[in-house]
Amino acid sequence: VTQGMTITPELKTKVYENQAKYADVGMCFDEIPVVLTNDKSDRNDVKQRYFDFKNYKQLAANTANNINDQLDVFENHNSKCKSFMIVQGNDYQTYMDWSNIILDKVQRHDMLGGIAMAGAALGTGPKEDVQRAFIASQIPLRNKEGKLKLHVLGIGAICRLLPYLIFSQN
């Protein structure tokens, strides 16, 4: 999205194979539920895009298909790499819908290493960071110890990390 590039199935497979060979965790390819008002959008620019309420459930299903393809490559390479499920949304309900659609379609939960919370359709302000931190705590994917492994996309400053640190202590 940020570079205006087209992702092909061949490119995805090459990335999955690289992850399988060299990584402990690999980000999935997510189908970002935003509509651009321009040819491309900067990572932090939420003025040139809006949440795709009409298609987000289908995009979540497409993301689940990408994860299943990724896990197939991991299995074919006997890799211990785990997929991180990128979770998209615009509010509590759409984030939960997104994660539930994926968890229903991806049956190999043991091969999921955790979640990566995206803010492409939510925004990047302090209020949105608090919302995203709370929503992350509600996503129903836990490891064997009952813990959530979390990666937060787009966090590049300590002040943006504060909501996660606070919620992790509560």
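These numbers were taken from a predicted model, which means no experiment stands behind them.

Participant: Give me the overall build of the protein chain: which residues, what numbers.
Facilitator: Scanning the protein chain from terminus to terminus reveals five helices and six strands. The helix and strand sequence of the protein chain, counted from the amino end, reads α-β-β-β-α-β-α-β-α-β-α. Expected size for 170 residues packed as a compact globule is a radius of gyration near 15 Å; at 16 Å, the protein chain falls within 12% of this value. Projected onto the principal axes, the alpha-carbon positions of the protein chain cover approximately 40 × 40 × 30 Å. Going through the 170 residues of the protein chain one by one, you find that 42% of them count as buried. In the protein chain, of all internal contacts separated by at least 6 residues, the share reaching a separation of at least 24 is 71%. Element-wise, carbon and sulfur atoms account for 51% of the exposed surface of the protein chain, whose accessible area totals about 9700 Å². Measuring between centres, the 20 positive side-chain charges of the protein chain sit 4 Å from its 19 negative side-chain charges.

Participant: Talk me through the environment of Gly 26; I want residue IDs and the actual numbers.
Facilitator: One can find Gly 26 in strand E1 (residues 25-27). Relative accessible area serves as the criterion here: at 2%, Gly 26 is assigned to the buried category. Sequence separation of Gly 26 and Val 152 is 126 residues, and the distance between their C-alpha atoms is 14 Å. In contact with Gly 26, other than residues within four places in its own chain, are Gln 19, Gln 70, Cys 81, Lys 82, Ser 83 and Phe 84.

Participant: Which residues make up the sheet that holds strand E4 (residues 82-87), and what values go with them?
Facilitator: Spatial strand order, E1-E4-E5-E6: four strands in an open sheet with parallel pairing. Single-partner strands in this sheet number two, and they are E1 and strand E6 (150-152). Sheet twist, expressed as the mean angle between neighbouring strand axes with direction ignored, is 30 degrees. As defined by bridge partners, E1 adjoins E4 across three bridges and the pair is classed as parallel. Within E4, the position partnered with Met 27 by the bridge is Phe 84.

Participant: Give a detailed account of the packing of aromatic side chains, specifying residues and quantitative values.
Facilitator: Applying the stated rule across the entire model yields four aromatic pairs. Note on Phe 51 and Phe 53: the rings are 4.6 Å apart at their centroids and 85 degrees apart in plane angle, and the pair reads as edge-to-face. Under the relative-accessibility criterion, Phe 53 is labelled partly exposed at 48%. On the basis of an interplanar angle of 45 degrees and a centroid distance of 5.3 Å, the ring pair of Phe 51 and Tyr 56 is categorised as tilted. In terms of burial, Phe 51 and Tyr 56 fall into one category: buried.

Participant: Tell me about the pairing of strand E5 (residues 112-117), and name the residues and values.
Facilitator: When a strand is regular, its side chains alternate between the sheet's two faces. Burial analysis of E5 places six of its six residues in the buried class, which makes it a mostly covered element. Pairing of E4 with E5 involves five bridges; the strand directions are parallel. If you follow Phe 84 over to E5, its bridge partner there is Gly 114. Note that the unit made of E4, helix H3 (residues 92-105) and E5 has a crossover that is right-handed. For E5 and E6, the ladder comprises three bridges, and the chain directions are parallel. Each residue of the ladder has a partner; that of Met 117, found in E6, is Val 152. Read from E5 through helix H4 (residues 126-138) to E6, the crossover connection turns out right-handed.

Analysis parameters
Residues numbered from 1 in each chain as written. Predicted model: local features only at pLDDT ≥ 70, side-chain atom pairs only at ≥ 80, totals over all residues. Heavy atoms only, no water. Helix = DSSP H or I, 4+ residues; strand = E, 2+ residues; numbered from the N terminus. Rg over C-alpha atoms; globule rule 2.2 N^0.38 Å. Buried < 20%, exposed > 50% of the residue type's maximum accessible area, 1.4 Å probe, protein only. Contact = heavy atoms within 4.5 Å. Areas by Shrake-Rupley, 256 points an atom, 1.4 Å probe, with all protein chains shown as cover. Lys, Arg positive; Asp, Glu negative; His and termini not counted. Charge placed at Lys NZ, Arg CZ, Asp CG, Glu CD. Pairing = 2+ DSSP bridges. Axes fitted to C-alpha atoms, helices over the stretch in contact; angles between N-to-C directions. Phe/Tyr/Trp six-rings, centres within 6.5 Å; stacked < 30°, edge-to-face > 60°. Right-handed = clockwise from strand over helix to strand, strands pointing away.

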